[in-house]
Amino acid sequence: MAAKTLYDKLWDAHLVHQNEDGSSLIYIDRQLVHEVTSPQAFEGLRLAGRKPWRATANLAMPDHNVPTTDRAAGVAGITDPVSRLQVETLDKNCVDFAIPEFTMADIRQGIVHVVSPEQGATLPGMTLVCGDSHTSTHGALAALAHGVGTSEVEHVLATQCLIQKKSKNMRIRVEGKIPIGVTAKDIVLAIIGKLGTAGGTGYAIEFSGSAIRELSIEGRMTVCNMTIEAGARAGMIAVDDKTIDYVKGRPFAPKGEDWGKAVAAWADLHSDEDAVFDCEIVLDVTDIEPQVTWGTSPEMVAPISGCVPDPQREPDSVKRSGMQRALEYIGLKANTAITDISIDKVFIGSCTNSRIEDLRAAAAVAKGRKVADSVSLAMVVPGSGLVKKQAEAEGLDKIFAEAGFEWRQPGCSMCLAMNADRLEPGERCASTSNRNFEGRQGQGGRTHLVSPQMAAAAAVAGHFVDVRDFTLESR
Amino acid sequence: MQAFTQHNGLCVPLDRPNVDTDAIIPKQFLKSIKRSGFGANLFDEWRYLDRGEPGQEVSTRKINPDFVLNQPRYAGASILLTRDNFGCGSSREHAPWALEDYGFRTIIAPSFADIFYNNCFKNGILPIVLDSDIVDQLFKQVAANEGYALTIDLVAQTVTDPAGQQFSFTLDAFRKHCLLHGLDDIDLTLQHVDAIKSFEQKHRAASPWLFAD
């Protein structure tokens, strides 16, 4: 039998039907549903008189629009009537179509991509989709997971399948011992910087190598989460002992006799030794420093010791004008040292970096320190109600509060500013989220993507600093 | 879905790479639970000088005269000419909904982001990939010729310029078939209902934990 990549195996195990031109029907094991990209899909089902193929294969929760401040009044407490209607519509649709939902009042509610793995609703070997591009996150558990549009949300609801064309295989190997102060976020930002924001288009990317193995499952989720920022819809990582340990005992995980069977089946979820990739890239992790984006695309990234690049030195005219436009929007001059960039706000959260390890890492930097006076708002938004509960049990909320950070309720929050959390025009933010696009965090807002500890360090210093020096100085 | 066979229309140039779906339709408009009405807010932050909010009266808004879509010579354009990686970022289908609602039927670029490309076909929009050199040439032509229109023929898979020069493009046979006939994907998939059921049965037997309700 021909050697297969992990992606080949996941694909083959879910292939229902293949057309002559290669387009295929792929069976979907799990669909995650949130309030923004689902209302039109449910409406489509209603108009056509269709029912969900398998309602319990779906798991829904509101996350994009939910307020991160007081939740006492529940959905009725959402002040923006348009946001409120969207959350109410999700609740109603889930009742009407018998879709399991964690409502706003449920402690398990949070960002879909944090909650599903936390609940064991994401399992190795699964195909998983969601009307959200950061669905690539779930590939960290050796699942085939990617974002889809609303028409496809409806298609999966109605048929439990998706029409797909198989992607090409890419492997990114990250080798070496991860240096202190360098995180999964820095690794993936460095990868995007190298590959470019479209470098992965048309590929499914498998991340491997000793540095990927060294990462925790939560760190691996951060890496897979941002695969889409390199243009690839799906990122994935082979199963190892960490994967099995992570999944074990979670509410939706297999139990009893099924657990043994599942673990045995999951042992095959890796690329065969002689599998062939269409493209392979190798990175040495010891070359990677803490990263900070300087522009309006995640590929516009520099190491903390670096400077804002000079567009005049870019030979390609389309790229050059893109850089010039980015610098104009972001309000920075070429050759400015990254450490000379001052910030107004700090956001620690999002499906990229709002898990318990992210909060621990940020709290370790914030502990015993104060947010700089020049920083008008520093907020920490846990990824789920259960992450929040765990953080509070560890006293992280108090560490943040004493340092001057606001401690919020779970949701997507200022990653995309659909709720009340947003930047004002011209405000500059150190953010642990995933996109620094124009207007992403609020019209005219300026976003710099960093790791949780780099964000916490920037909050304290009022400008970007190398968290590695920062920690040493205080010891 | 609206079928697509042939189209002749005015071409507007959007000369930037990596146009993301946040730029195509900003997040505040994603709160709508409808599928229509997004065209007024297409490229909102570039098209207008004031801050856009859902439900605003469009006629009172401050237009950005420098933005290409606002230039009188491009009024009524239905073909968008742009650069690499158009539609990157968020998977929001509101992006093609906004483009379609504004009046675009075709987008021409050297490359598209995957999810966006796929979403276009669900909404009667034809995304056409042409070589960078040809796209460059088209950008020059559009700038030099007011009223520059192109003819798209999906059956022949060609783009024809006003001088009669033709450029071929490729796309998957299945996508072409669906777009030509305006077919509903779900209906097509449900023709395979037996195959899905038999797959599901085997899958359940092999991985029962995926079916624990």
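Each value, and the rule that gives it
Residues numbered from 1 in each chain as written. Chains lettered and ligands numbered in written order. Predicted model: local features only at pLDDT ≥ 70, side-chain atom pairs only at ≥ 80, totals over all residues. Heavy atoms only, no water. Helix = DSSP H or I, 4+ residues; strand = E, 2+ residues; numbered from the N terminus. Rg over C-alpha atoms; globule rule 2.2 N^0.38 Å. Buried < 20%, exposed > 50% of the residue type's maximum accessible area, 1.4 Å probe, protein only. Lys, Arg positive; Asp, Glu negative; His and termini not counted. Charge placed at Lys NZ, Arg CZ, Asp CG, Glu CD. Contact = heavy atoms within 4.5 Å. Buried area = accessible area lost by both parts, 1.4 Å probe. Salt bridge = Lys/Arg side-chain N within 4 Å of Asp/Glu carboxyl O. Polar contact = N/O pair within 3.5 Å; in protein donor to acceptor, adjacent residues only side chain to side chain. Nonpolar A, V, L, I, M, F, W, Y, C, P; charged D, E, K, R; others polar. Axes fitted to C-alpha atoms, helices over the stretch in contact; angles between N-to-C directions. Parallel < 35°, antiparallel > 145°, perpendicular 65-115°, else oblique. Left-handed = near helix turned anticlockwise from the far one by under 90°. Core = buried A, V, L, I, M, F, W, Y, C linked by side-chain atoms within 4.5 Å. Phe/Tyr/Trp six-rings, centres within 6.5 Å; stacked < 30°, edge-to-face > 60°.

**Student:** Explain the overall build of chain A residue by residue, including any values.
**Tutor:** From N to C terminus, chain A includes 16 helices and 18 strands. By the compact-globule yardstick of 23 Å for 475 residues, chain A fits well, its C-alpha radius of gyration being 22 Å. By principal-axis analysis of the C-alpha atoms, chain A measures approximately 55 × 55 × 45 Å. Within chain A, the fraction of its 475 residues that count as buried is 66%. Across chain A, the centroid of the 49 positively charged side chains sits 1 Å from that of the 61 negatively charged ones.

**Student:** Describe unusual backbone geometry, and please don't skip the residues or the numbers.
**Tutor:** Positive phi, normally seen in glycine, also occurs at Ala142(A), with a value near 60°. Looking at the secondary structure, you find Ala142(A) in the loop between β5 (127-130) and β6 (144-147).

**Student:** Account for the interface of chain B and chain A, with residues named and values stated.
**Tutor:** For an interface, size is often stated in terms of accessible area lost upon the parts coming together. Taken together, the contact pairs 57 residues of chain B with 75 residues of chain A. Taken together, the two surfaces of chain B and chain A that pack against each other cover about 5600 Å², and 57% of this comes from carbon and sulfur. Of all residues in chain B, Lys31(B), Ile33(B) and Trp209(B) bury the most surface against chain A, accounting for 15% of the area lost on that side. For the pair chain B and chain A, the number of links is seven salt bridges. Two residues, Arg50(A) and Asp187(B), come together in a salt bridge whose shortest N-O distance is 2.6 Å. In this structure, the connection of chain B to chain A is made through 30 residue pairs in polar contact (both at pLDDT 80 or more). When contributions to the side of chain B that touches chain A are tallied by element, the ones reaching two or more residues are α2 (44-47), α3 (94-102), α4 (114-121), α6 (173-181), α7 (185-190) and α8 (193-206) of chain B. By residue number, the principal contributor to the side of chain B that touches chain A is α8(B), which donates seven residues. Class assignment for the residues of the side of chain B that touches chain A results in 20 nonpolar, 13 polar and 24 charged.

**Student:** Can you explain the packing of helix α6 (residues 184-195) of chain A against helix α8 (residues 217-225) of chain A? Please cite residues and give values.
**Tutor:** Residues and elements named next belong to chain A. Close contact between α6 and α8 brings their axes to 8 Å; oriented N to C, the two are set at 25°. On the basis of their axis angle, the class for α6 and α8 is roughly parallel. When the axes of α6 and α8 are compared, the crossing they make is right-handed. Facing Ala184, Lys185 and Val188 of α6, the residues of α8 in contact are Gly219, Thr222 and Val223. Each residue belonging to the contact of α6 with α8 can be placed in one class, and the counts come to three nonpolar, two polar and one charged.

**Student:** Give me the nonpolar core: which residues, what numbers.
**Tutor:** Judged by nonpolar contacts, the single largest core of 110 residues is most densely connected at Phe405(A), Phe43(B), Phe86(B), Leu99(B) and Ile108(B). Per-element accounting of this core gives the leading share, seven residues, to helix α15 (residues 452-461) of chain A. Among all residues touching Phe405(A), those that are not within four sequence positions of it are Ile348(A), Ala366(A), Val371(A), Ala378(A), Met379(A), Val380(A), Phe400(A), Ala456(A) and Ala459(A). Core analysis: the second largest hydrophobic core is formed by 89 residues, Phe42(A), Ile187(A), Phe207(A) and Ile212(A) among them.

**Student:** I'd like a rundown of the side chain of Thr189(B), residues and numbers included.
**Tutor:** Inspection of the secondary structure assignment puts Thr189(B) in helix α7. Relative accessible area serves as the criterion here: at 1%, Thr189(B) is assigned to the buried category. Polar contacts involving the side chain of Thr189(B) include one to the side chain of His155(A), which spans 2.7 Å.

**Student:** Outline the pattern of salt bridges, supporting the account with residue identities and numerical values.
**Tutor:** The tally for this structure, following the rule as stated, stands at 37 salt bridges over all chains. As a salt-bridge pair, Arg171(A) and Glu280(A) come within 2.6 Å of each other at their nearest N and O atoms. Of this pair, Arg171(A) sits in strand β8 (residues 168-175) while Glu280(A) is found in strand β11 (residues 279-284), placing the two residues 109 residues apart along the sequence. Overall, the relative accessible area of 17% leaves Arg171(A) in the buried class. For Arg61(B), the salt bridge is made with Asp44(B), and the minimal N-O distance between the two is 2.8 Å. A residue pair is termed long-range when its members are at least 10 positions apart, and Arg61(B) in the loop between α2 and β2 (79-82) and Asp44(B) in helix α2 qualify at 17 residues.

**Student:** Any details on the side chain of Thr21(B)? Residues and values, ideally.
**Tutor:** Along the chain, Thr21(B) turns up in helix α1 (residues 21-24). In this view, Thr21(B) contacts Gly87(B), Cys88(B), Gly89(B), Ser90(B), Arg92(B), Ala95(B) and Phe116(B); residues no more than four positions away in its chain are not counted.

**Student:** Give me the lowdown on the packing of aromatic side chains, citing residues and values where you can.
**Tutor:** All names here are of chain A. Counted by the stated rule, this structure contains 18 aromatic pairs over all chains. Arranged with centres 5.4 Å apart and planes meeting at 25°, the rings of phenylalanine 42 and phenylalanine 97 form a pair that is stacked. Remark: phenylalanine 97 occurs in the loop between α3 (81-96) and α4 (112-119) and phenylalanine 42 occurs in helix α2 (residues 39-48); sequence separation between them is 55 residues. By relative accessible area, phenylalanine 42 is classed as buried at 0%.

**Student:** Which residues make up the packing of α2(A) against helix α5 (residues 150-159) of chain A, and what values do they have?
**Tutor:** All names here are of chain A. Contact geometry for α2 and α5: axes closest at 8 Å, N-to-C directions at 50°. By the angle between their axes, α2 is oblique relative to α5. The handedness of the crossing between α2 and α5 comes out as right-handed. Along its contact with α2, which presents Gln40, Ala41, Phe42, Gly44 and Leu45, the element α5 presents Thr150, Val153, Glu154, Leu157 and Ala158. Partitioning the contact of α2 with α5 into residue classes produces six nonpolar, three polar and one charged.

**Student:** How would you summarise α6(B) if you had to cite specific residues and measurements?
**Tutor:** The set of residues buried in α6(B) consists of Phe174(B), Lys176(B), Cys178(B), Leu179(B) and Leu180(B). Buried positions along α6(B) lie against β2 (23-27) and β7 (161-165) of chain A together with α4, β4 (126-129) and α7 of chain B. Where α6(B) ends, the next residue or the one after it, Gly182(B), has phi of about 60°, a positive value.

These results come straight from atomic positions and should not be treated as a statement about function.
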